[in-house]
Amino acid sequence: MNHRTFIPALLGLLALAFTAAAGTDPVPRFPYQILRHDLAVDLDLERQFITASDRITLRPDGARPGEGLELLLRRGLEVTAVLYDGEKTRFTTGPADLSHFEAEADSEDVVFYARAQALRLELPSGAAGRDSFTVQVEYRGEIRDSLEGADFSREYVAMEVTGIVSGQGVYLGPEGIFYPALPQQLFTFSLSATVPEDWRTVSEGKDGEAQVKDGRRTETWTSRQPVDGFHLIAGRFEVKEVDHEGISVRTYFFPDTTGLDQRYLAATKDYLSLYNELLGPYPFEKFAVVENFFATGYGMPSFTLLGSEVLRLPFIIGISLGHEICHNWWGNSVYLDYVSGNWCEGLTTYCADYLYKERRSPAEAAEYRQGLLRDYLAYTHEHNDFPLTEFVMRHNPAQRAVGYGKSAMVYHMLRHRVGEEAFWRSLQWFYRDYQYKFATWGDLQRVFEAESGQPLGDLFHQWVQRAGAPHLVMQGPMLTRLPEAWRVSFPLAQDQPGEPYNLSLPVKISGADRDTVVHVPVNQAAVQVDVTVPFEPLRLAVDPDFDLFRRLDPAEIAPSLAETFGARDLVIVLPDQAVPELRAAYEELAAQFNRRGEYRIVGSSELTPEARDAGAVFFLGRPPENPAIPASWLPGQPWEMAPGAYRLLGGEYRDPNAALLAVMRHPADPGKTAAFFAGESPEAVREAGRKLTHYGKYSYLLFFGGKNQLKGSWEVSGGPLTYNFQNPNATR
Ligand SMILES: [Zn+2]
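Residues numbered from 1 in each chain as written. Predicted model: local features only at pLDDT ≥ 70, side-chain atom pairs only at ≥ 80, totals over all residues. Heavy atoms only, no water.

Some words on the overall build of the protein
Each helix and strand in the protein was counted, giving 15 helices and 42 strands. Over its C-alpha trace the protein gives a radius of gyration of 29 Å, about what one expects of a compact globule, namely 27 Å for 732 residues. The dimensions of the protein, computed from C-alpha atoms along their principal axes, are 85 × 70 × 50 Å. Looking at the 732 residues of the protein, the share that counts as buried comes to 57%. Across the protein, the fraction of contacts at a sequence separation of at least 24, relative to all contacts at a separation of at least 6, is 69%. Carbon and sulfur atoms provide 49% of the accessible area of the protein, an area that totals close to 29900 Å². (Helix = DSSP H or I, 4+ residues; strand = E, 2+ residues; numbered from the N terminus. Rg over C-alpha atoms; globule rule 2.2 N^0.38 Å. Buried < 20%, exposed > 50% of the residue type's maximum accessible area, 1.4 Å probe, protein only. Contact = heavy atoms within 4.5 Å. Areas by Shrake-Rupley, 256 points an atom, 1.4 Å probe, with all protein chains shown as cover.)

Details of the coordination of the zinc ion
Note on the zinc ion: its protein donors are His323 (NE2), His327 (NE2) and Glu345 (OE). The metal-donor distances range over 2.1 Å. Ordering the donors of the zinc ion by residue number gives the pattern H-x3-H-x17-E. Of this pair, histidine 327 sits in the loop between α5 (315-326) and β23 (335-336) while glutamate 345 sits in helix α6 (residues 344-360), placing them 18 residues apart in sequence. (Donors = N, O, S within 2.8 Å, 3.2 Å for Na, K, Ca; no water.)

What to know about the packing of helix α3 (residues 261-279) against α5
Working note: a packed helix pair is described by the angle between its axes plus the distance between those axes. One can describe the packing of α3 onto α5 by two numbers: an axis separation of 10 Å at closest approach and a directional angle of 50 degrees. Classed by the angle they form, the pair α3 and α5 counts as oblique. Between α3 and α5 lies a crossing of right-handed hand. Each of Arg263, Tyr264, Ala267, Thr268, Tyr271, Leu272, Tyr275 and Leu279 in α3 lies in contact with α5, whose residues at this interface are Ile316, Ile317, Gly318, Ile319, Leu321, Gly322, Ile325 and Cys326. Partitioning the contact of α3 with α5 into residue classes produces twelve nonpolar, three polar and one charged. (Axes fitted to C-alpha atoms, helices over the stretch in contact; angles between N-to-C directions. Parallel < 35°, antiparallel > 145°, perpendicular 65-115°, else oblique. Left-handed = near helix turned anticlockwise from the far one by under 90°. Nonpolar A, V, L, I, M, F, W, Y, C, P; charged D, E, K, R; others polar.)

Some words on the sheet that holds strand β31 (residues 539-542)
With antiparallel pairing, four strands are arranged side by side in an open sheet as β29-β28-β31-β42. If you trace the sheet from one side to the other, it starts and ends with β29 (515-522) and β42 (722-724), each paired once. For this sheet, the mean inter-axis angle between neighbouring strands, taken without regard to orientation, is 15 degrees. (Pairing = 2+ DSSP bridges.)

Let's talk about the layout of surface pockets
What the second largest pocket holds in volume is close to 530 Å³. Considering the residues around the second largest pocket, the lining is formed by 27 residues, among which His416, Ser504, His519, Asp547 and Leu548 are closest to the centre. At the level of elements, α6, α7 (362-379), α8 (397-418), α11 (457-465), β28 (503-510) and β29 are the ones that each hand at least two residues to the lining of the second largest pocket. By residue number, the principal contributor to the lining of the second largest pocket is α8, which donates five residues. The residues that make up the lining of the second largest pocket include at least three from each of domain 3 (335-465) and domain 4 (472-555). (1 Å grid on protein atoms, 1.4 Å probe; cavity = no way out; pocket = protein on both sides within 12 Å on 5 of 7 lines; lining within 4 Å. Points joined across faces, edges and corners; volume = space filled by probe spheres on them. Domains from an automatic or database assignment.)

Notes on the packing of aromatic side chains
Summed over the entire model, instances satisfying the criterion amount to 47 aromatic pairs. Between tyrosine 282 and phenylalanine 284, the aromatic rings sit 5.7 Å apart at their centres with planes inclined by 85 degrees, giving edge-to-face as the arrangement. As far as burial versus exposure is concerned, tyrosine 282 and phenylalanine 284 are alike and both buried. Taken together, the ring pairs in this structure connect Tyr275, Tyr282, Phe284, Trp329, Trp330, Trp343, Phe430, Tyr431 and Tyr434 into an aromatic cluster. The lysine or arginine in question, arginine 47, covers the ring of phenylalanine 49, its NZ or CZ lying 4.2 Å from the ring centre. Over the ring of tyrosine 404 we find arginine 400; its NZ or CZ atom is 4.8 Å from the centre of that ring. (Phe/Tyr/Trp six-rings, centres within 6.5 Å; stacked < 30°, edge-to-face > 60°. Lys NZ or Arg CZ within 6 Å of the ring centre and 35° of its normal.)

Notes on α5
Spanning twelve residues, α5 covers 16 Å between terminal C-alpha atoms, matching the ideal 16 Å at 1.5 Å per step. Counting buried residues in α5 gives nine out of twelve residues, a clear majority hidden from the surface. Those residues of α5 not exposed but buried are Ile316, Ile317, Ser320, Leu321, Gly322, His323, Glu324, Ile325 and Cys326. (Expected span 1.5 Å × (residues − 1).)

Brief notes about the nonpolar core
If you look at the biggest cluster of nonpolar residues, it comprises 173 residues, and the most contacted ones within it are Leu43, Tyr275, Trp330 and Trp343. Residues contacting tyrosine 275, with those up to four places away along its chain left out, are Gly280, Gly322, Ile325, Cys326, Trp329, Cys351, Ala352 and Tyr356. In terms of nonpolar packing, the next biggest core, distinct from the first, is built from 52 residues, Ile572, Ala578, Met641 and Tyr698 among them. (Core = buried A, V, L, I, M, F, W, Y, C linked by side-chain atoms within 4.5 Å.)

Brief notes about the pairing of strand β33 (residues 600-603)
Of the pairings in the sheet, the one linking strand β32 (residues 570-574) to β33 comprises four bridges and is parallel in character. Counterpart to isoleucine 572 in the pairing with β33 is isoleucine 601. With helix α13 (residues 580-593) bridging β32 and the parallel β33, this β-α-β connection has right-handed handedness. (Right-handed = clockwise from strand over helix to strand, strands pointing away.)

Looking at the sheet that holds strand β4 (residues 69-74)
As a general point, the strands of a sheet are linked pairwise by backbone hydrogen bonds and lie either parallel or antiparallel. Strand order in the open sheet made by the three strands is β4-β8-β7, with antiparallel pairing throughout. This sheet does not close on itself; its edge strands, each paired only once, are β4 and β7 (91-95). Within the sheet, the average angular offset between the axes of one strand and its neighbour, ignoring direction, is 30 degrees. Both β4 and strand β8 (residues 116-121) contribute to a ladder of six bridges, which runs antiparallel. The partner of leucine 69 across the bridge, within β8, is leucine 121.

Quick word on the side chain of histidine 231
Along the chain, histidine 231 turns up in the loop between β16 (216-227) and β17 (232-235). Under the relative-accessibility criterion, histidine 231 is labelled buried at 2%.

Regarding unusual backbone geometry
Located in the positive-phi region is tyrosine 436, a residue other than glycine, with phi close to 60 degrees. On the secondary structure map, tyrosine 436 appears in the loop between α9 (420-434) and β24 (438-439). Unlike most non-glycine residues, aspartate 543 shows phi in positive territory, near 45 degrees. Note on placement: aspartate 543 falls in the loop between β31 and α12 (561-566).

Put into structure tokens, the structure is as follows:
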């Protein structure tokens, strides 16, 4: 899910732009700071039109006498008047300055600026010398982004809707600049919104008594906590409310959404209790689960906005709701200073998605960590990897694998380094000290160092400032019998490019009836590891529970569809011998996979062995339909695609609408994958094919009529970081 805040990406560049505009200032600066917005908005749903008045309280911050004020406002809104301390003052509007962003024409900054107009105000020379003053901006206009393409996906964040006023509902976000703004400001606000009598509104903060007059309802939201932006959501909601330890817990659902409110209210209460205890008191007066009329999964301070379909997805209450609630600590009250990298998605993932697994069982926690490493292996390579200091927000699986996955693993390793108590105490301290302030990775480091009493520069440097991950290679272990013990020795190398990492290497040694895990400090490219245990070792495993962030060996994980789609080179092979309707269905599917044009699509008659073996390969259709499938690859596989029958793990399945997916290690290179997908009919191909990308982590999938029947991953025997002393070949 997506954490929302004000204009994420552009802050760094914008600061530079302001510096340039100001001429000689050596550091970025805004001559005025916004202290408060008092915004009144009247919503005309039929005309998709707003009429607004924003009284902005400002404080000079190094302004020169007579220096003007430049605010940003959504383009297309018409400013009708500006008042300085109640008196009309002169203003101009014009395009926001785009000239600083030429280098990256499609960056978020440019996209944001394309939405903005600049509102330039003249201020009397006395303004710069005052403690504070107010500027009132009157404006109006249509706001109606298209909803086309709004889509919720775990992997891809779709085109953003930044503002829409309609009879179905209202979404106005700070990224859509529906009120005059400056970037990276923290301010309090009040928002009065007027809607039809049977509508309700939601924003950050706390609501007061609603006023109803002439069929119109006005609700007022105020925030005593400084925010970095605020929203206006409205709809024909039914509101349910319960009190939880002084916090108002609410659902705002559409009338035909029944039977979900009690579950959401109960789950919200549980999450609030969890984080109150773990991290410190919840910072707001309310938390609301709000249904949206288009697909979103957003978390804002004190509420979450979930599309109608999203609200009904099975994993939302158990995981995503908790993740969004956790963002009220990380990101929505301790704010993100994006300039130095987004530290907050990894921390939220660690305190939510990951922690829920850990609280169920150590095995589920290890499996989750393995999944993070698997995604990193599947989706990143030297050309798209980046350090966490450069993570802003995710747009694709590689950014997710680093910005969420690697980042969560950094907190995991930090926890091991400083210890359980110091870890949670540091987070509580960080929350207390940085509440309603912008915080950076550097601030986290300072707090953890102070609380744990140890320098952590090496850890933050190698995991946060550096791209990539260590790759570990174990060489043949030796076993030595000592008088009272056994010694296990093996050479261990890190063969990634660049400096060796400083690691606390978990080594697990198992005997007949017990095992032990020791942590061996490793800080060179090649070391000799010696571990002595008081029992006879039968098995050795390096980092068997995936406690280190590292580049896995492909043999440590089952081949998966995600790994196939994440490959740097993927060729998709169409079945030239399939009947035309079937081939057409496969062609559509291939085009769907290749929406972003990253892959090659070829017919089976065009595929050369070189192209087949150059990267990952995905064969569509069964062998007779797709003659490019090498006959020598298939014998011995635990699956078979015969006409009319699919065999999988010993079972045989006959269904007129069956479809089977299987992924194996590429026979030409076990670091890559070969995938196969076939369906009995064009419908089977379409219906199952549409769903494939939701099952990325699996090695095999069986569908009947688009409904999943079987899914799973092939068993892996342990990979090159394990060793069996009794039967050395058994686990290699
Ligand atoms: Zn998040």
